[in-house]
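Inside the fold
Here is what each chain is made of, one letter per residue.
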Amino acid sequence: MDIEKYLEIRNGLPDSVQLIAVSKFKPAEDIQTLYNEGQRAFGENKAQEMKAKHEILPKDIEWHFIGHLQTNKIKYIAPYVTMIHSIDSEALLVEVDKHARKNERVIPCLLQFHIAEEETKFGFSFEECEAMLRGDVFPTLKNVKICGVMGMATFTEDMGQVRREFQHLHQIFNTLKTNFFQNNDDFKEISMGMTDDYPIAIEEGSTLIRIGSAIFGARNY
Ligand SMILES: *Cc1c(COP(=O)(O)O)cnc(C)c1O
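Attention in this report is confined to the structure presented alongside it. (Residues numbered from 1 in each chain as written. Predicted model: local features only at pLDDT ≥ 70, side-chain atom pairs only at ≥ 80, totals over all residues. Heavy atoms only, no water.)

A word on the nonpolar core
Stated formally: Throughout, nonpolar core names a set of buried Ala, Val, Leu, Ile, Met, Phe, Trp, Tyr and Cys residues whose side chains join them through atoms within 4.5 Å. The buried label applies to any residue whose accessible area, calculated with a 1.4 Å probe on protein chains only, is under 20% of its type's maximum; exposed applies above 50%, and partly exposed to all values in between. Here a helix means four or more residues in a row that DSSP labels H or I, a strand means two or more in a row labelled E, and each is numbered from the N terminus. We call two residues contacting when some pair of their heavy atoms lies within 4.5 Å.
In this structure, Ile84, Val96, Phe113 and Leu176 are the most contacted members of the largest nonpolar core, which totals 62 residues. Of the residues forming this core, the biggest block, six residues, is contributed by helix α6 (residues 159-180). Ignoring sequence-local partners within four residues, the contact set of Ile84 consists of Phe65, Leu69, Ile77, Val96, Ile107, Pro108, Cys109 and Leu110. Grouped together as the second largest cluster of nonpolar side chains are seven residues, Met83, Leu110, Met150 and Leu208 included.

Structure, rendered in structure tokens:
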């Protein structure tokens, strides 16, 4: 872990940007160490791993789910998750809504868009998402709250391309805001930026950066 680096990143952020410390694959002790420095928002990408950590760590931690979420895993996170960044289909949003209702809560969610060149990354296309927002099902979902958008840039050295992809996500945010969420103050987040590209993401309007390896060190998969 690199506490110096953590403090450097955290203390350098504009007030409009929140740091989510991505602790996937890292032990609970590392999360506790960062917690002791004042960090509260942590990101995980596996539901069972998040559940196990949630059970043993302080209850005021804010848990952000950032990975691809299978519907049969929602139950592991629905009771306490702070925000799900990775809504990539209507079917998933419908299931999250069901589990939220069972838990008598409203779960904040972000719509994930596929902005990268790589096929491997998940997310809506703009057309798919628009169809969902115009459809009959979406207005019936009372236990999810759409708070904005999320995306991952292509893994490349070409920072011009990364910047264009972040600009694209910001444009999607603006269009959705105008067309669907004009008078909705909850719709305000743009989750973009990781270890290698977060300074660009911030320049392009990110409000939530998700940083793992710069803080916790390289991951052993
Ligand atoms: C792992 C991960 C991150 C953090 O990546 P780093 O490059 O280690 O900062 C951010 N977002 C998502 C969706 C991830 O899966």
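Moving on, there is more to tell.
What about the pairing of strand β8 (residues 208-211)?
Look at any regular strand and the pattern is simple: side chains alternate between the two faces of the sheet. For the record, the criterion: DSSP calls a pair of strands paired once it identifies at least 2 bridges connecting them.
Here β8 shows no split at all, with Leu208 and Arg210 on one side and Ile209 and Ile211 on the other all buried. In the sheet, strand β1 (residues 18-22) pairs with β8 via four bridges, with the strands oriented parallel. Looking at the pairing, Ile20 lines up with Arg210 of β8.

Considerations on the packing of aromatic side chains
Where we set the bar: Here a Phe, Tyr or Trp ring, Trp counted by its six-membered ring, pairs with any other such ring whose centre lies within 6.5 Å, and the pair is stacked when the planes are under 30 degrees apart, edge-to-face when over 60, and tilted otherwise.
The final tally for this structure, using the stated rule, is four aromatic pairs. With centroids separated by 6.1 Å and ring planes inclined at 45°, the aromatic side chains of Phe113 and Phe124 adopt a geometry described as tilted. You can see Phe113 sitting in strand β5 (residues 107-113) and its partner Phe124 sitting in the loop between β5 and α5 (126-134), a full eleven residues away along the chain. Phe124 shares its class with Phe113; the two are buried.

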